[in-house]
Every structure is written in structure tokens, then in C-alpha cells.
Amino acid sequence: MAPTRKNSEGLLARVNFPLYALQMLTNRHVLVAGGGGSSKTGVANGFEIFELIFDGKRFIAKEVMRHETGPKVVMNCASFYDKKNTFLVAGQESHCQLYRIAITVDKEDVNTESSKSNGALEQNSLRKRKGSKVSDICSRPDGNRNSPRKCLKFKFNAQDSIQTDFSETEPIQRVVRISRCGKLMATGGTDGHVRLWTFPALKSLHDINAHTKELDDIDFNPNSKTLVSISKDGKALIWNVSNGKKIFDLTWNVPNGVKYLFKRCRYGPIEADKSKCRVFTISNCMTTPAASNAAAPGVLHQWCGETGTVKKSVTLSESLSALAVRDDGTFLAIGTMFTGTVAVYIAFSLQCVLNVKGAHSMFVTGLELLPSQGCSITSNSEAAVLSISVDNKISIHNLPYRRTLPPWIVIVLIMITLFCTFFFCSYVGL
């Protein structure tokens, strides 16, 4: 049985606007986005960047900067770092806004006031910086109080903005993804089209009339050759990125009289063979079946990425709202709709290894597993997942290394077993 955590554990920070999007900007920095919309509610719209630190006992989030986007709420975003430039694309109503984020490293005098931490005990210490788009967070990597502190400075530079959805009623970009190679971008919205663009030039490649209803999610294959899309029309489709043609549908045996809709989709590489991949989806039951034909509210599926056949599935007792897969394909995480629960699964077996009940007071809107490599804050954990919700909370949930027997103990136990077996056989005259 997976270990269960209390809902109070893992709280990193609170912000003063609902959260809808979550991205790892670097191996240590996380970006959250959201807002209150264009109505005059006094709730801000924009981004917040935090640096993640593990002090040996707990995780801490330090505020780095805040960038407000005026009346435009940010409902979805994606980032890409190519060791020279950091890019961010954000869905703002019917358009996709491209930002180039300038990151510089400076040294600050030791007498300068240090930035405040924003952990669970300092939930309301966020500082608004109106009129300024640049701020910093400082730390001493060597732990020496007399040494200069390293300061990372971030600056948002707005670049191109392109219209990505052309619905006649209410055009809204629902999702955006950047391929792992960093050369392609895909967008989807309320008009049901999947649009492929060059990146970061944002030149149109393909306009695919993919679905009859609005898109819920899309994702690139790690090799950037195929794309999966899901929609409120109930379909999950795999597309050829080079020519924009459909390859196959993802279909499964749904119980009679029961309607399921796909909610989220993600590709994940196979650990043993990185040339192949799996597709993961979460689906929710949309009807109330008869008692004799009862169905689970939520289903987690694992598909073969090459054939589209179902490999494994897990039925869950609650509707699902969020899905994330780690970059190496080892773990995945799901978030629930009503209880705000976050769970971590082993990707290949779909075995639940961590279950955090009530991680949020409302439905989980975003999940992000910390990178498998180059992220020192995960050194004391086998995996860690960030979660956000419209309850304004940012939380982190870490999976401690599972206990295993040392090899020498296993060898000794095998020898003892063999000896006991031989002794027993000799005793009974076999």
C-alpha cells in the first residue's frame, strides 16, 4: 500500500491569485501562472518565480520575482531552455505570447539585506514589486557568511504575440507545448484545431482540423516526431508532426452505457529503450451507469506509443484533473478533481507509491515532477512532485527512497534457505 501523507505537509507558498499553470524554468526554479481574469476583481494576473531549496529537513520556496500581465489571465504556458536562451510561451485569451527571459548572475555585497524565504511558516511574505520587472534571490553556495552571495536576476522581455485560436464564439488558447528538441510548438483551443509552429520563430507549419470540440490537452513524443491530442469530443488522436496526418486513434473497451472523456495526456520514454515511448492518459466518467454496470469515476491508462494499444490501466475512486510524467519516464503523478489529492505512480507498472490526501482544498490544476538529473534538491528523495491549485497554494510532495535489502543480506538468506532445504531433505530421507 502506498504511504499516505497529511494534507499540511509539503506546503511551499501561497500567492494572491488562483494558479492554473506550472513549469520548471530551470533545474531549481519553478514558475507558476494564473490570475483573476479581465474583470475588475482586484486579483492580479501574471507569473511568479520561486527558487526551490532543501535545507536538509524541509523544502523551502524563495520568491525570485513577479511579472504581472495586466488584464490578461495566464491559463497555460510552456518553457524551453537551450543553454543560451530561456523562452516562455503563455496562452493569453486567443493569443500566444512569447517571452525571452534574460537570466544574469551577479554577486551582492554581504551587507545587503537577504531575501526572505516563503515557506509554509511564511505564507504571506510575498512582496509585490509594481513597476519593476527585475528582482533577485541570493544565496551563499559555500555556506560562508562572509563570502559574496550569488544573485540570479530574471527579466521578462515580451517578443511576438500570435493568434492561435479562431473560434467564432469565444476564441481561447487552451494548451501549448514545446517539443523537447525546441524546434516545434503546438497549440490547441476552443475551435478544435491543432496548430503546429516553428519555434521560436512562431511561423505556421500545419493547421490540423483535429477535433469537433475544444482541445483539453496535447503533448509531443520525446523524439518530436508524433503528437497526441485529446478533446471534449471524446477522442484521443496520434498525429504525424512532419505532415500533419493522423496515424491512429487511442480506443479502449468502455462499458456499455458509460461515457468517458479523456482529460489529460502525456508521453513518457521507456527506461530500458529510450527510442520507444508510452502514452499516458487520464479519463473521467461522464454518465451515471446502472448499478449492475457501475464504472469508476476516473481511469489511468498506459498505452503503447507505437501501436496505440492499452498496456495497463488503473481504476480510481475519484475524477481526475491533472497528469505529469517525469522526463526519464520512471514516475508519473496525478491530481484529483474534488479532494485535491496528489498521487505518484511507477510508470511501467502503474503501482501507486505515494498518496497525499487533501494536498489542496480544491481541484489540482497543475503538476510537475522535478527533473531526474541535475536537480540537487531531490538528492534526499527518489522523486518529488510540485502541485498547484485554484486555492492559491504551491506544494511539494517528495517520495523517500524505498527501503531495500543490501545484496549481502540477500545472498546470506539464499544460503540459509538452501541449507535448511538440504537439512530437511536429509532428515526425511529424500
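Along each chain, residue indices are assigned from 1 in the same order as the chain's sequence is written. Whole-chain, interface and lining totals are the exception, using all residues; otherwise, since this is a predicted model, local features are given only for residues with pLDDT of at least 70 and side-chain atom pairs are given and counted only at 80 or more. The side-chain values count all of the structure's non-hydrogen atoms but skip hydrogen atoms and water molecules.

To count toward a patch, a residue needs a relative accessible area above 30% and no salt bridge. Like charges then connect within 9 Å, nonpolar side chains (Val, Leu, Ile, Met, Phe, Trp, Tyr) within 5 Å. For every accessible area listed, the method is Shrake-Rupley and the probe measures 1.4 Å; residues are considered covered only by the protein chains on display. We count a salt bridge whenever a side-chain nitrogen from Lys or Arg sits within 4 Å of a carboxyl oxygen from Asp or Glu. Taken together, the side chains of Phe419, Phe423, Phe424, Tyr427 and Val428 make up a nonpolar region of the molecular surface, amounting to roughly 640 Å² of accessible area. Think of it this way: any DSSP run of H or I at least four residues long counts as a helix, any run of E at least two long counts as a strand, and we number them from the N terminus. For Phe419, the location among the structural elements is in helix 1 (residues 407-427).

On to the pairing of strand 20 (residues 260-270). Burial classes follow relative accessibility: with a 1.4 Å probe on protein chains only, a residue under 20% of its type's maximum area counts as buried, one over 50% as exposed, and anything between as partly exposed. Counting buried residues along strand 20, 11 of its 11 residues qualify, which places the element largely inside the surrounding structure. Strand pairing is assigned whenever DSSP detects at least two bridges linking the two strands. Between strand 20 and strand 21 (residues 273-285), which follow one another and run antiparallel, lie two residues.

Before going further, it helps to examine the pairing of strand 15 (residues 204-208). Each regular strand carries side chains that alternate between the two faces of the sheet. Pairing between strand 14 (residues 194-198) and strand 15: four bridges, direction antiparallel. Within the sheet, the bridge partner assigned to Arg195 lies in strand 15 and is Asp207. Taking the residues between adjacent antiparallel strands as the criterion, strand 14 and strand 15 are bridged by five residues, where Leu202 takes a positive phi near 60 degrees.

This paragraph deals with the UniProt feature "transmembrane region" (unreviewed entry) in the protein. Here the UniProt-annotated "transmembrane region" (unreviewed entry) positions come out as residues 331-354 and 408-429. Secondary structure over residues 331-354 splits into 0% helix and 62% strand, and the C-alpha atoms at its two ends are 11 Å apart. Across residues 408-429, helical content stands at 91% and strand content at 0%; the span's end C-alpha atoms are separated by 32 Å. UniProt positions are given in the numbering used here, feature names are shortened, and annotations may be inferred rather than shown by experiment.

It is worth spelling out the nonpolar core at this point. Here, nonpolar core refers to any group of buried Ala, Val, Leu, Ile, Met, Phe, Trp, Tyr and Cys residues whose side-chain atoms link them within 4.5 Å. Among the nonpolar cores identified, the biggest contains 19 residues, and Leu12, Phe50, Leu386 and Ile394 are the most heavily contacted of them. Only strand 2 (11-14), strand 3 (19-24), strand 4 (29-35), strand 5 (45-54), strand 6 (59-68), strand 29 (383-389) and strand 30 (393-399) provide two or more residues apiece to this core. Each domain's limits were defined by an automated method or a database of domain assignments. Among the domains, domain 1 (10-107 + 149-163) and domain 2 (251-371 + 378-429) are the pair contributing at least three residues each to this core. Apart from the residues lying within four places of it in its own chain, the contact partners of Ile394 are Gly10, Leu11, Leu12, Ala13, Val15, Leu19, Val32, Phe50, Ser387 and Ile388. Contacts were defined at the residue level, with two residues in contact if any of their heavy atoms lie within 4.5 Å.

Each residue carries a pLDDT score, the predictor's confidence in it, ranging from 0 to 100. Of all residues in the protein, 82% attain a pLDDT of 70 or more, and the chain-wide mean is 84. Low pLDDT, under 50, characterises residues 109-145; the stretch is placed with 92 contacts to residues that sit more than four places away or in other chains.

Oppositely charged side chains can pair when the atoms bearing their charge come close. Inspection of the entire model under this criterion finds 15 salt bridges. One salt bridge in this structure joins Arg195 and Asp191, with 3.0 Å as the shortest N-O distance. Given a relative accessible area of 7%, Arg195 falls into the buried group. Judged by its relative accessible area of 17%, Asp191 falls in the buried class. The salt bridge involving Asp249 is made with Lys246; its shortest N-O contact spans 3.0 Å. The exposure class assigned to Asp249 is partly exposed, which follows from its relative accessible area of 30%. Residues joined by salt bridges that share partners form a network here, namely Arg174, Glu214, Asp216 and Lys232.

Across the sheet, four strands lie side by side as 16-17-18-19; this open sheet has antiparallel pairing. On the outer flanks of this sheet lie strand 16 (215-220) and strand 19 (246-249), each paired with one strand and no other. Taking each pair of neighbouring strands and ignoring which way they run, the sheet shows an average axis angle of 20 degrees. Under this scheme, a helix contributes an axis fitted over its contacting stretch, all axes are lines through C-alpha atoms, and angles between N-to-C directions fall in the 0 to 180 degree range.

The next point concerns the environment of Ile178. With respect to the helices and strands, the residue Ile178 is situated in strand 12 (residues 173-178). Distance in space between the C-alpha atoms of Ile178 and Phe220 is 7.6 Å, their sequence separation being 42 residues. Residues in contact with Ile178, not counting those within four places in the same chain, are Ala78, Ser79, Phe80, Val89, Leu184, Met185, Phe199 and Phe220.

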